[in-house]
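Listed below, chain by chain, are the residues.
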Amino acid sequence: MHDIKSILTDIVDVLIVGGGIGGLVTALCLHREGYSVRVHERVAAVEPIGFGLNLQPFSVKVLYELGLEHELDEVGIQGAKALFYSRHGQLIYSEVKGIEAGYKWPTYSMHRGNFQQLLMRHVRDEVGETSVCLNQKLIAFRSYSDYVEADFVNPRTGDINTERAKLLIGADGINSTVRKILYPNEGRPLWRGSKLYRGVTETDKLYLDGRTMILMGNPNDIEFVTYPVGKNTINWACVVRVDKPDVQTTSVTPDWNNIGHSEDLLPFVSHMKLDFLDIRHLIQSSIIINEFPMTDRDPLPRWTHERVTLLGDAAHPMYPNGGNGASQAILDARELTLSFRQYGITPEGLQAYDDRRRPATNTVVLAARQYGSEEILKIVDERSSHEFSSLSDVVSTEELETIMLNFKKVTGSNIQKLNQEPSLF
Ligand SMILES: Cc1cc2nc3c(=O)[nH]c(=O)nc-3n(C[C@H](O)[C@H](O)[C@H](O)COP(=O)(O)OP(=O)(O)OC[C@H]3O[C@@H](n4cnc5c(N)ncnc54)[C@H](O)[C@@H]3O)c2cc1C
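These numbers were taken from a predicted model, which means no experiment stands behind them.

### Some thoughts on the overall build of the chain
In step 1: When you go through the chain residue by residue, the secondary structure sums to 13 helices and 18 strands.
In step 2: Dimensions of the chain, computed from the C-alpha atoms along their principal axes, are close to 75 × 45 × 40 Å.
In step 3: Looking at the chain as a whole, 57% of its 425 residues are labelled buried.
In step 4: For the chain, restricting intrachain contacts to residue pairs at least 6 apart in sequence, the fraction spanning at least 24 positions comes to 74%.
In step 5: For the chain, the exposed surface amounts to about 17900 Å²; the carbon and sulfur share of it is 49%.
In step 6: Charged side chains in the chain number 44 positive and 55 negative. The centres of these two groups are separated by 2 Å.

Here is the structure:
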């Protein structure tokens, strides 16, 4: 029998499973708020490699409030605009981004690995060197009335380590073990017949102004997306339909480290041409290519189960359409902080976070399934099998604006509302 009093004085307030983007930002926020936190991460080291991810202004706001402003400029590129093209290379829409669009904060594009390393450095500096435990893969947890107990295995040695905390946050990504324990019958993520190839290419000169994202084609068929993630680095991603759009679970567990091959992808994009960018060359000269099934999961009826909850991709994995995965995880961290401010480190705090964030992210997951802002590409592609002579014959400016605005509303990108929102710290 445990002596509850001595356990409760000994243990950390919050144990975070997963040192990805969501877990690390949560650790920084909760530490700022005065709580003790520890992060347990399965991998042995965080590598500075990876592919691009995008941060929307509402998540950059949180990161600036955590004091990361200057370092974000070192690891990322502030996006200026996104240009949407038909599969024939005809311009459909130009979207101004970040500060230029009226937000007080920019958007950023960056290497996920560099960003994760930056966050990891801050957690170690601010929360403490021992606040991040690597080589710690969660395998089980047990909830008691006053605390949670979790078992971690060291994948290298096989040693088991048991930790206790007042609360446990599952921020362990799309293949979350915490979610699997809470929902044992859910199965693998859902797949609707599309593969996602990603690559990174080094270059002497970035295309256009060096701050522009290109989205081209049809997300329901073949879509090519590219954007710079560094002064000499371009990230690209290509969605290709390889099966019917019927929903099925993936036959394999999605793995971010799965190597892809340019020969498999090039036949799909041979018709895609832009006069300022050689897409074929960009793909062929990649230093690394990854292949990932386009997957998500259905929204859950609840994330919080007494002293345990889910956050980020573990709670709401979503399609990358609209570039919201990392940004929504950061909003989760913000809301968790606000909920603890109101209810303390309690199951009520976890429940308040669930009540506020789950409905909001459910809508984003479903909107991303409908291709987010990239729905405009799908509409144009389905209405015009050949080059159009005038875009207005295919779609009105009003229809395009409505789709863009609706997705912004869903994700939390309302300019006026965001600009007036009080600072978290
Ligand atoms: C290796 C990797 C590469 C990625 N590359 C890209 C990319 O190029 N572009 C992009 O848009 N998104 C990428 N993502 C996903 C992206 O980071 C997330 O969609 C988003 O940032 C939300 O972050 P998250 O913290 O919820 O999940 P993630 O960033 O996926 O982080 C989850 C973390 O939990 C750890 N973990 C998993 N299981 C356990 C366990 N049982 N015990 C302890 N720790 C565990 C993982 O190692 C990982 O560090 C990648 C994720 C990973 C893990």
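### Points about the site of the ligand
In step 1: Taken together, 30 residues sit near the ligand, with Gly22, Glu41, Arg112, Arg198 and Asp313 positioned nearest.
In step 2: One of the backbone N or O atoms of Gly52 is found 3.0 Å from a nitrogen atom in the ligand.
In step 3: Its free accessible area being 910 Å², the ligand has 89% of it covered by the protein chains.
In step 4: Elements with a contribution of two residues or more to the shell around the ligand: α2 (21–32), β3 (52–55), α5 (112–126), β9 (137–143) and α9 (325–343).

### Thoughts on the sheet that holds strand β7 (residues 107–111)
In step 1: As summarised here, the arrangement of the three strands in space is β3-β7-β4, forming an open sheet in which the pairing is antiparallel. Both edges of this open sheet fall to β3 and β4 (76–79), since each of them pairs with a single strand only. Direction aside, the axes of adjacent strands within the sheet are offset by 25° on average.
In step 2: The sheet contact formed by β3 and β7 spans four bridges and is antiparallel. The partner of Gly52 across the bridge, within β7, is His111.
In step 3: The strands that α5 touches are β3 and β7; relative to β7, the one it contacts most, it runs at about 100°.

### Let's talk about the pairing of strand β17 (residues 288–296)
In step 1: Most of β17 sits inside the fold, with eight of its nine residues counted as buried.
In step 2: With eight bridges joining them, strand β12 (residues 190–202) and β17 adopt antiparallel strand pairing. Bridging across to β17, Lys195 finds its partner in Pro293.

### As for helix α10 (residues 347–369)
In step 1: With 23 residues, α10 ought to run about 33 Å at 1.5 Å a step, and its terminal C-alpha atoms sit 31 Å apart, in line with that.
In step 2: Maximum bend of α10: about 30°, positioned at Arg357, with proline Pro359 one to four residues after it.
In step 3: Looking one or two places after α10, you find Tyr371, whose phi comes out positive at around 80°.

### Things to note about the nonpolar core
In step 1: Within the largest apolar cluster, 69 residues are counted, with the highest numbers of intra-cluster contacts made by Leu55, Leu72 and Phe115.
In step 2: At seven residues, the largest contribution of residues to this core is made by α2.
In step 3: Formed by 43 residues, the second largest nonpolar core is a distinct cluster that contains Tyr93, Tyr197, Val380 and Leu400.

### With respect to a positive patch on the surface
In step 1: A surface patch of like charges, here positive, comprises Arg42, Lys137, Lys180 and Arg188.
In step 2: By secondary structure assignment, the location of Arg188 is in the loop between α6 (177–182) and β12.
In step 3: Residue Arg188 is classed as partly exposed on the basis of its relative accessible area of 37%.

### Some remarks on the state of the cysteines
In step 1: In the structure shown here, the tally under the stated rule is zero disulfides.
In step 2: Cysteine Cys133 is unpaired, with the sulfur of Cys29 as its nearest cysteine sulfur at 19 Å.

### Points about the pattern of salt bridges
Where side chains of opposite charge bring their charged atoms close, a pairing between them can arise.
In step 1: Applying the stated criterion across every chain, the model contains 29 salt bridges.
In step 2: A salt bridge links Arg124 to Glu129; the nearest nitrogen and oxygen atoms lie 3.5 Å apart.
In step 3: Note on Glu129: relative accessible area 56%, which makes it exposed.
In step 4: Here Glu186 makes a salt bridge to Arg297, at a shortest N to O gap of 3.4 Å. Taken as a pair, Glu186 in the loop between α6 and β12 and Arg297 in the loop between β17 and β18 (308–310) lie far apart in primary sequence, 111 residues in all.
In step 5: The partly exposed category is assigned to Glu186, whose relative accessible area is 27%.
In step 6: Overall, the relative accessible area of 7% leaves Arg297 in the buried class.
In step 7: Overlapping salt bridges bring together Lys61, Glu65, Arg334 and Glu421 as one network.

### Focus on the packing of helix α11 (residues 375–383) against helix α12 (residues 397–411)
In step 1: The geometry of α11 relative to α12 is characterised by a closest axis approach of 9 Å and an angle of 145° between their N-to-C directions. Here Glu375, Ile376, Ile379 and Arg383 of α11 come into contact with α12, specifically with Glu399, Leu400, Ile403 and Met404.
In step 2: The residue inventory of the contact of α11 with α12, partitioned by class, reads five nonpolar, no polar and three charged.

About the cut-offs
- Residues numbered from 1 in each chain as written.
- Predicted model: local features only at pLDDT ≥ 70, side-chain atom pairs only at ≥ 80, totals over all residues.
- Heavy atoms only, no water.
- Helix = DSSP H or I, 4+ residues; strand = E, 2+ residues; numbered from the N terminus.
- Buried < 20%, exposed > 50% of the residue type's maximum accessible area, 1.4 Å probe, protein only.
- Contact = heavy atoms within 4.5 Å.
- Areas by Shrake-Rupley, 256 points an atom, 1.4 Å probe, with all protein chains shown as cover.
- Lys, Arg positive; Asp, Glu negative; His and termini not counted.
- Charge placed at Lys NZ, Arg CZ, Asp CG, Glu CD.
- Near = heavy atom within 4 Å.
- Polar contact = N/O pair within 3.5 Å; in protein donor to acceptor, adjacent residues only side chain to side chain.
- Pairing = 2+ DSSP bridges.
- Axes fitted to C-alpha atoms, helices over the stretch in contact; angles between N-to-C directions.
- Expected span 1.5 Å × (residues − 1).
- Bend = angle between axes of the 7 residues up to and from the residue.
- Core = buried A, V, L, I, M, F, W, Y, C linked by side-chain atoms within 4.5 Å.
- Patch = residues over 30% accessible without salt bridge, like charges linked within 9 Å, V, L, I, M, F, W, Y side chains within 5 Å.
- Salt bridge = Lys/Arg side-chain N within 4 Å of Asp/Glu carboxyl O.
- Disulfide = S-S within 2.5 Å.
- Nonpolar A, V, L, I, M, F, W, Y, C, P; charged D, E, K, R; others polar.

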